[in-house]
Amino acid sequence: MHKPKFDRREKRDRFASKFGKKRYCRFCADADLRIDYKDGRALNYYITERGKIIPRRITGNCSFHQRELTTAIKRARIIALIPFTATQVTWR
Amino acid sequence: MREYETIFVTRPDGNESQSTQLLERVDKIIERHEGTILQKKNWGRKELAYKVKKYNQGIYHYYNYTGDTATVADLERTLRLNDLPIKYLTVKIADKVDIEARRKELAEAEKAAVAMSAVPREKEEDILEDFSEDSIDEEEADNA
């Protein structure tokens, strides 16, 4: 089921205007910022209230750092530094 | 020798002797496999993000060490069999390590981290300010 190209572009433009935020990758811009799965507080910025990982088009990360971020979040979930889903959580 | 990082969480209601025994065992395993411990930390009691075995808190231990695959296998087996740890995770950091250099790096990172936490973090722009979960679900419904 192949979507014709023009359809996708339209949708993307609509979407971009909805958010209209200048997007840049925080981690590329600042070389000191390290993505660390041990730092629960920093990772909290990148998950929603329900505990879902925020997509790259919202955070503005580049693909490399978004992938690193995703593995970091998944690892942090394993050691219970951030939740898998919000229903499990009583803090916050 | 590869560099690994292992974090394990123990039950909050264990007693002192049990946990010292466990930690000693961990140290011995690393030594036995001719690895070296680069850094060892106890993060203390922390609130867990979700209930693990009905506990809401756990005591976190962090080890940074060199070793090989047998070391890791042995260590994880010990953590699994012992009933004090409730979660563990091992991550490989590097394939080749210069021990002294790495030790210094870690010690410095430690000091830098302490210095940073003293300075209040500036308010970063909130990523979520114009984002709501509902808009994501709509998008998914469109794509379905």
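Look up: the structure comes first, before these words.
Since the structure is predicted, the reported quantities are computational estimates derived from the model, not experimental observations.

Draft legend 1. Expanded view of the overall build of chain A. Across its full length, chain A holds five helices and zero strands. For chain A, the proportion of its 92 residues judged to be buried stands at 35%. Within chain A, contacts between residues at least 6 apart in sequence are counted, and of these 59% link residues at least 24 apart. When the accessible surface of chain A is summed, it comes to about 6,300 Å², and 52% of that surface belongs to carbon and sulfur atoms.

Draft legend 2. Spatial organisation of the sheet that holds strand E4 (residues 85–94) of chain B. Residues and elements named next belong to chain B. Ordered in space as E2-E3-E1-E4, the four strands form an open sheet in which the pairing is antiparallel. The open sheet terminates on both sides in strands that have one partner only, identified here as strand E2 (37–52) and E4. Going from strand to strand, the sheet's axes swing by 20° on average, the running direction of each strand aside. Note: strand E1 (residues 2–10) against strand E3 (residues 55–67), nine bridges, orientation antiparallel. Its bridge partner lying in E3, Thr 10 is registered against Ile 59.

Draft legend 3. Region of the structure containing the nonpolar core. By size, the foremost hydrophobic cluster in this structure holds 26 residues, and its most contacted members are Tyr37(A), Leu43(A), Ile73(A), Leu48(B) and Tyr60(B). Secondary-structure elements contributing two or more residues to this core are helix H5 (63–78) of chain A together with E1, E2, E3 and E4 of chain B. In contact with Tyr60(B), other than residues within four places in its own chain, are Ile79(A), Ala80(A), Leu81(A), Ile7(B), Phe8(B), Val9(B), Lys41(B), Asn42(B), Trp43(B), Gly44(B), Lys46(B) and Leu48(B). Tyr65(B), Leu75(B), Leu79(B) and Leu84(B) belong to the second largest nonpolar core, which has 12 residues in total.

Draft legend 4. How the structure looks around helix H1 (residues 16–32) of chain B. All names here are of chain B. Helix length check: H1 (17 residues) gives 24 Å between terminal C-alpha atoms against 24 Å at 1.5 Å per residue, within 8%. Taken together, the buried positions of H1 are Ser 19, Leu 22, Val 26, Asp 27, Ile 29 and Ile 30. In an axial view of H1, the angular spread of the buried residues amounts to 160°, which keeps them on one side of the axis. What points out from H1, more than 90 degrees from its buried face, is the exposed set Glu 16, Lys 28, Glu 31 and Arg 32. Elements in contact with the buried residues of H1: E1, E2, E3, helix H2 (69–81) and E4.

Draft legend 5. Structural view of the environment of Ala80(A). Topologically, Ala80(A) is positioned in the segment after H5. Residue classification places Ala80(A) among the buried residues on the basis of a relative accessible area of 1%. Along the backbone, Ala80(A) and Gly40(A) are 40 residues apart, and their C-alpha atoms lie at a distance of 9.2 Å. In this structure Ala80(A) touches Glu47(B), Leu48(B), Ala49(B), Tyr50(B), Val52(B) and Tyr60(B), once residues within four positions along its chain are discounted.

Draft legend 6. Looking closely at the pattern of salt bridges. Applying the stated criterion across every chain, the model contains nine salt bridges over all chains. A salt bridge links Asp95(B) to Arg2(B), with the shortest nitrogen-to-oxygen separation between them at 3.3 Å. Highlighted residues: Asp95(B) in the loop between E4 and helix H3 (99–118) and Arg2(B) in strand E1, separated in sequence by 93 residues. Note that Arg32(B) and Asp74(B) form a salt bridge whose closest N and O atoms lie 3.5 Å from each other. Here Arg32(B), found in helix H1, pairs with Asp74(B), found in helix H2; they are 42 residues apart in sequence, far enough to count as distant. Given the relative accessible area of 13%, Asp74(B) is considered buried. Look at the salt bridges and you will find they share partners, linking Asp36(A), Lys38(A) and Glu5(B) into a network.

Draft legend 7. Quick look at the packing of aromatic side chains. Here the structure, examined in full by the defined rule, presents six aromatic pairs over all chains. Centre to centre, the rings of Phe27(A) and Tyr46(A) are 5.9 Å apart; their planes meet at 40°, and the pair counts as tilted. Residue Phe27(A) is found in helix H2 (residues 26–29), and its partner Tyr46(A) is found in the loop between helix H3 (40–43) and helix H4 (56–59); the two are separated by 19 residues along the sequence. For the pair formed by Phe27(A) and Tyr46(A), the shared burial category is buried. What links up through ring pairs into an aromatic cluster is the set Trp43(B), Tyr60(B) and Tyr62(B). Sitting over the ring of Tyr60(B), Lys46(B) keeps its end group 5.8 Å from the ring centre.

Basis of the calculations
Residues numbered from 1 in each chain as written. Chains lettered and ligands numbered in written order. Predicted model: local features only at pLDDT ≥ 70, side-chain atom pairs only at ≥ 80, totals over all residues. Heavy atoms only, no water. Helix = DSSP H or I, 4+ residues; strand = E, 2+ residues; numbered from the N terminus. Buried < 20%, exposed > 50% of the residue type's maximum accessible area, 1.4 Å probe, protein only. Contact = heavy atoms within 4.5 Å. Areas by Shrake-Rupley, 256 points an atom, 1.4 Å probe, with all protein chains shown as cover. Pairing = 2+ DSSP bridges. Axes fitted to C-alpha atoms, helices over the stretch in contact; angles between N-to-C directions. Core = buried A, V, L, I, M, F, W, Y, C linked by side-chain atoms within 4.5 Å. Expected span 1.5 Å × (residues − 1). Arc of directions from axis to C-beta. Salt bridge = Lys/Arg side-chain N within 4 Å of Asp/Glu carboxyl O. Phe/Tyr/Trp six-rings, centres within 6.5 Å; stacked < 30°, edge-to-face > 60°. Lys NZ or Arg CZ within 6 Å of the ring centre and 35° of its normal.

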